[in-house]
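Below, each chain spelled out in residue letters.
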Amino acid sequence: MNPLEQYSLEELRLRTSEKWTNYSPDVLPLWVAEMDIKLPEELVGSITQIIKRGDLGYLSKVGFERYVNAFCSFADRHWGWKPDTKMIVDVPDVVRGCTQVINAYLEHNPDNSVIVSTPIYPPFINGYAKGYKYIDAPLTPLYFDGKLSDNPFRLDFEALEVAFKNSTTNSKKAVYALCNPSNPTGTVHTPDELRQLANLSSKYGVLVVSDEIHGPLVTARNFELENHVLSECSNPANHGKHSAFTPYLSLQEADLAITVCSASKAFSIPGVKAALVIASSHPSNKARDLLFNSGHFSKANSEHLGVLAQTICLNQCDEWLYHLVQAIRNNISYFESLSKQYFPLAKYACLGGTYFAWVDFGEYVKNGSIPEDISPAKYFLDNAKVAFNPGNSFATPIDLTFSGLQKVGAKISASPYDNFVRINLATSQEIIRMALESVGSIL
Ligand SMILES: Cc1ncc(COP(=O)(O)O)c(C=O)c1O
């Protein structure tokens, strides 16, 4: 069963969430990170039962513990990582979890810094860094010496070392906010890269906060490579062999580090709130102190319904997730073939860590098909009636409207990603085709 091919456009337009209500009904919305999926039967059945029982009271300690155990079992089954259950607290969502960790560590001191690597999910730039110095150590670019790079959007360790060094002189503190895997590029950081990052973090005393919300989407990606059949996933001998994803805290070197994660992206349930904050169990205890002795965190803090939903997804829905990941892969291939047909001059990255395409329409600005004074996202919205996320919101501090478009009259500083858009491919192939065809017709 392909969970992305279960609803017609008419049925999706009945949805009341952000994705389907922000634009007028003549716009095809391929923007915010919600998927047009049919939820797993196990989840629908359990949530229906819970609601029928009137079981929507406060989250219990037992419910919290079941959630923690479900996550730890998922992490072991898919990534071969055994988090220490004693190092975990919960928060309503990942953005709030990261914000809380950053404020607990940097203590609202404006001389302290938040370091990020653009392009990156906008709250890293516009939210986490608010009230602190904002430092960008960008991912390596898509073009190198004017040619397409064959390995773009990797961590740039020279830039990171400069940022870590400069931000920690005179006892100032700094956080590096890591997006693992990266949104929007889909970069899945390798164990070697993450080890190098951990070494820099220890050298300069920079806290790494790793946002791993897209991690569960990398789960089943190399099932085929390993030639495993699904039933073998639960065989302990295969634990950790299924995924290219490396949880940052699974590395022994990750000392001063905290991970914030959730099942809400992989199962598309971000409207029911729950997320986990996990401290490194490195013997230095530095991260544990921040979580358990700073007075900023406690247990059983998230939403009862969110916790129940995530517990079911993490415990019972491996097969559904496997089908979803295959469907995303197929949609990425479909996007690649349609983009050749409808906008052959565009360059893109779909590096496998999530369900976005990160696409550069710069050649169409150069040849005059897209006017220079308007972003490609706005041009497509107005003329092709298709909503994508604008590239500059992933690259530069900017005043954004609710839908991620820049406010009228907002001051914009140029970024290398002004001509990029992020396209959400977690929908049916029919909708992808209609959207790309419409874009192609105005280029
Ligand atoms: C990298 C990343 N972090 C966090 C979030 C939002 O997570 P939450 O809804 O749990 O705050 C998203 C949503 O798309 C995301 O892509």
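Bear in mind the structure is a predicted one, so any value in this text is a computation, not a measurement.

**So, the site of the ligand**
Around the ligand, the surrounding shell consists of Ala-33, Asp-93, Val-94, Val-95, Tyr-121, Cys-179, Asn-183, Asp-211, Ile-213, His-214 and Lys-265. For the ligand, an oxygen atom lies 3.0 Å from a polar atom in the backbone of Val-95. Within the side chain of Lys-265, a nitrogen or oxygen atom sits 3.2 Å from an oxygen atom of the ligand. Coverage of the ligand by the protein chains reaches 93% of its 400 Å² of free accessible surface. In terms of residue class, the shell around the ligand is made up of six nonpolar, two polar and three charged.

**Let's talk about helix α3 (residues 41-52)**
Taking 1.5 Å of rise per residue, twelve residues should cover 16 Å, and α3 covers 16 Å from first to last C-alpha, within 8% of that figure. Buried within α3 are the following residues: Leu-43, Ile-47 and Ile-50. One side of α3 holds all its buried residues, which, seen down the axis, span an arc of 55 degrees. Structural note: α3 exposes Glu-41 and Lys-52 on the side pointing more than 90 degrees away from its buried face. Following α3 by one or two positions, Gly-54 has its phi on the positive side, about 70 degrees.

**Section: the sheet that holds strand β7 (residues 174-179)**
The strand order across the open sheet formed by seven strands is β2-β10-β9-β8-β7-β3-β4, and the pairing between neighbours is mixed. Each edge of the sheet is formed by a strand with only one pairing partner; in this case those strands are β2 (88-91) and β4 (133-136). Between one strand axis and the next, the sheet turns by 20 degrees as a mean value, whatever way the strands run. Sheet topology places strand β3 (residues 113-116) next to β7; three bridges connect them, and they run parallel.

**Details of the domain arrangement of the protein**
Taken domain by domain, the protein holds domain 1 (9-40 + 320-440) and domain 2 (57-316). The gap between the C-alpha centroids of domain 1 and domain 2 is 25 Å. In this assembly, 35 residues from domain 1 lie in contact with 40 residues from domain 2. Summing the contributions of domain 1 and of domain 2, the shared interface buries around 3,000 Å²; its carbon and sulfur component is 63%. In this structure, the connection of domain 1 to domain 2 is made through zero salt bridges. Scanning the region where domain 1 abuts domain 2 turns up eight residue pairs in polar contact (both at pLDDT 80 or more).

Basis of the calculations
- Residues numbered from 1 in each chain as written.
- Predicted model: local features only at pLDDT ≥ 70, side-chain atom pairs only at ≥ 80, totals over all residues.
- Heavy atoms only, no water.
- Near = heavy atom within 4 Å.
- Polar contact = N/O pair within 3.5 Å; in protein donor to acceptor, adjacent residues only side chain to side chain.
- Areas by Shrake-Rupley, 256 points an atom, 1.4 Å probe, with all protein chains shown as cover.
- Nonpolar A, V, L, I, M, F, W, Y, C, P; charged D, E, K, R; others polar.
- Helix = DSSP H or I, 4+ residues; strand = E, 2+ residues; numbered from the N terminus.
- Expected span 1.5 Å × (residues − 1).
- Buried < 20%, exposed > 50% of the residue type's maximum accessible area, 1.4 Å probe, protein only.
- Arc of directions from axis to C-beta.
- Pairing = 2+ DSSP bridges.
- Axes fitted to C-alpha atoms, helices over the stretch in contact; angles between N-to-C directions.
- Domains from an automatic or database assignment.
- Contact = heavy atoms within 4.5 Å.
- Buried area = accessible area lost by both parts, 1.4 Å probe.
- Salt bridge = Lys/Arg side-chain N within 4 Å of Asp/Glu carboxyl O.

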